[in-house]
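Given next are the chains, with one letter for each unit.
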Amino acid sequence: MTIRQLPETAQQRLWLATTLLFVALLGLFAADLLLGTVQIPARVVWAALLGGQEMEAKYRILVLESRLPRAITAVLGGSALAACGLLMQTFFRNPVAGPYILGISSGASLGVALLLLGQGSVGLLASWDSGSAPGVVVASSAGAALTMGIMLLLATRVRDPATLLVFGLMMGSFTGALVSLLQYQADAASLRDFVYWTFGSLDHTHWAELGLLAPILGVCFGVGWLFSGRFDLLALGDDYARSMGLAVNLTRAIAILLTALMAGAVTAYCGPISFIGVAVPHAVRALSGRTSHLVLWPLCALGGAVLLLGCDLISRMPGMDTTLPINAVTALVGAPAVAAIVWRMRRISTFFQSGA
Amino acid sequence: MKHTIENGTSKAPLGLQAKALGVGYSGKVLPGLGVVNLSLASGQLTALVGPNGSGKSTLLRTLSGLMKPLHGSLLLDGQPVQRWGPRVRARKLAVVWTAIPPVGEMRVLDLLRLGRFPHRGWAGDDPKGDVQVERAADDLGLRALLMRPIYRLSDGERQRVLIGRALVQDTPVLLLDEPTHYLDVVQRAEVFQLLAHQASGRNRSLLVATHEVEWALQVADYLAVIAPEGLVVGPAEQIRHSGILERVYRSDKLHFDAETGRFLAR
């Protein structure tokens, strides 16, 4: 019996998990195109996707300019947030870490709050709902990049992940306080715009935005996969990683940079979408029974896409004439899901500790 | 003597040599570790002993290349350790740390395979990987545990897995910090025996920092004792009768008996 042949049941379990997630992805993606507040027959959706011109123009526009980019945004955003969540859980050796743990969402919020709520700037932005609101994207990215830059700088000086975590939390509280000061003095209209951004939305990414978002996330995803073996070593702790020849500081910097770029980009376009990044890595670990990043990284991407597509479907259930805020839906679905997984395991700490 | 080995046709690894090494933090040498002379030759197990806080772990960190010495030279396989890149160094020297890595859910096989990292190419290619994993699993009796997650192992099994991870790294030099921590007396005996086998049977050089002086005297070829006047190194038998253990572990509760090699209550 050689080692290669040993883990047959484990191999089957992995294939099952992958197939399951892949089928769910295809199914939900199709459902996301077919279902919505406006009823469109399936063959019309299909024809529109194939480039047919014989249907009513409003249907074609609705499918190609609204539903398709929205579904693609859900796939990209969900994948990125879940992958970042996995990375941060490894980085901080903490089961409740997520993509926003380093202050990305608070930094992005501060950027957007300064833009939307700041004195005098209200006139500069036409309206949040009209068009792509590039200012919001720039402000959000800049805010996220700033907080991540500070964290990256701290990470070179602070070795202990738990200490870094505390810095991240303090930074979140500090920027959060600045945001609430801005909110307090803001007028009703701009306050409304800001609150809408924090609800999260998959509606503001059209083809032009996707043309930027997709390559950024694609490159980050590829780099992350290349580094997956190194992230495995990072999980063992710095001493073990260094004694095995890992360039620990470089790997840590890559982890932070990837998270900043991926979660920062998604947050800029879609708002701070919670819970995907915390929930999916746990679900995927439980499903696959694996711990290596080579396997978990793509599975998390798959799982994140599935979860955000599912949440998007719920947020605009057929029969409702309005769309629910995606951020509320991800938390409503995600929180019980995490609780259920944790309940089934009842030993979440074993991911990160050696004792039972 | 060193030159004859270097110039010889034999490709035997040269092990690890510390020459007048100064070990300490932020410019201050630790007492007893100001001028460390230590040579770890292949096929030999050296036990590093000394009271709590005497600097066993700090010395190990310095010898592993993770901490810079304050002065002196440290040769790994005949070259200054800093001259090797981190990955090349990791193909020559592996460490088992005291800390238990926080990877409870990881399966034994996956943890063992992590040890292959320094041998792997960018594409993850490592033709000798599975052979090394199998050999370590056989040496340490881990065959039946390969699919088990770490959190379901006993303390003794987990320690064998951590040692196995270092063996998989396939290095001529192996440093271990308190590998019998948490273990009962039988498990300790097992660990010491398999470490001795790695030295004599697999021709590696081992340095084992340990509190188990009595075991070290029975199993180790050499003892390195951190004493206030400096690091004293010698064959186990010689150290036993030299009186240094009596001086280093001085207490009104017990005394070292050189005849039996044991600590006895006063």
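I will try to describe carefully the structure that is included in this document. (Residues numbered from 1 in each chain as written. Chains lettered and ligands numbered in written order. Predicted model: local features only at pLDDT ≥ 70, side-chain atom pairs only at ≥ 80, totals over all residues.)

## A few points about the overall build of chain A
In step 1: Counting its secondary structure elements, chain A contains 14 helices and 0 strands.
In step 2: Mapped in sequence order, the helices and strands of chain A form the string α-α-α-α-α-α-α-α-α-α-α-α-α-α.
In step 3: Classification of the 356 residues of chain A by burial places 46% in the buried group.
In step 4: Contacts spanning at least 24 positions in sequence make up 80% of the contacts within chain A whose residues lie at least 6 apart. (Helix = DSSP H or I, 4+ residues; strand = E, 2+ residues; numbered from the N terminus. Buried ≥ 20, exposed ≤ 12 C-beta atoms within 10 Å, placed from the backbone. Contact = placed C-beta atoms within 7 Å.)

## Quick notes on the interface of chain A and chain B
In step 1: Counting residues at the interface gives 31 residues for chain A, matched by 34 residues for chain B.
In step 2: Only helix H9 (228-235) and helix H10 (238-243) of chain A provide two or more residues apiece to the side of chain A that touches chain B.
In step 3: Considering only residue class, the side of chain A that touches chain B consists of 14 nonpolar, 11 polar and 6 charged. (Nonpolar A, V, L, I, M, F, W, Y, C, P; charged D, E, K, R; others polar.)

## A look at the pairing of strand S14 (residues 262-265) of chain B
Residue and element names in this part refer to chain B.
In step 1: Bridge count between strand S13 (residues 254-257) and S14: 4 bridges; the pairing is antiparallel. Bridge assignment links His255 to a residue of S14, and that residue is Leu264.
In step 2: Hairpin connection, S13 to S14: the antiparallel pair is bridged by 4 residues, and Gly261 has positive phi, about 70 degrees. (Pairing = 2+ DSSP bridges.)

## Quick look at the sheet that holds strand S4 (residues 36-40) of chain B
All names here are of chain B.
In step 1: Taking strand neighbours across the sheet as the criterion, the 4 strands line up as S4-S1-S6-S7 in an open arrangement whose pairing is antiparallel. Edge positions in the sheet fall to S4 and strand S7 (79-80), since each has one partner strand and no second.
In step 2: Bridge count for strand S1 (residues 16-22) against S4 is 4 bridges, and the pairing is antiparallel. Bridging from a neighbouring strand, Leu16 pairs with Leu40 of S4.

## Topic: the sheet that holds strand S12 (residues 230-235) of chain B
Residue and element names in this part refer to chain B.
In step 1: With mixed pairing, the 6 strands of this open sheet are ordered in space as S8-S9-S10-S5-S11-S12. Unpaired on one side and paired on the other, strand S8 (93-96) and S12 mark the two borders of the sheet. Averaged over neighbouring strand pairs, the angle between their axes works out to 15 degrees when direction is ignored.
In step 2: Looking at chain direction, strand S5 (residues 45-49) and strand S10 (residues 205-209) are connected through 4 bridges and run parallel. Counterpart to Leu45 in the pairing with S10 is Leu206.
In step 3: Packed on one face of the sheet, helix H6 (residues 155-168) meets S8 and strand S9 (173-177) and runs near 170 degrees to S8. (Axes fitted to C-alpha atoms, helices over the stretch in contact; angles between N-to-C directions.)

## Brief notes about the nonpolar core
In step 1: Core analysis: the largest hydrophobic core is formed by 162 residues, its most contacted members being Ala83(A), Met262(A) and Cys300(A).
In step 2: In this structure, Cys300(A) is in contact with Ala82(A), Ala83(A), Leu86(A), Val280(A), Pro281(A) and Val284(A), ignoring residues within four places of it in sequence. (Core = buried A, V, L, I, M, F, W, Y, C linked by C-beta atoms within 7 Å.)

## Examining the packing of helix H3 (residues 57-92) of chain A against helix H12 (residues 276-288) of chain A
Residues and elements named next belong to chain A.
In step 1: Between H3 and H12, the least distance of the axes is 7 Å, while the angle of their chain directions is 75 degrees. In this view, H3 runs roughly perpendicular relative to H12, as classed from their interaxial angle. Residues Gly78, Leu81, Ala82, Cys84, Gly85, Leu86 and Gln89 of H3 touch H12, and the partners they reach there are Ile276, Gly277, Val278, Val280 and Pro281.
In step 2: In terms of residue class, the contact of H3 with H12 is made up of 8 nonpolar, 4 polar and no charged. (Parallel < 35°, antiparallel > 145°, perpendicular 65-115°, else oblique.)

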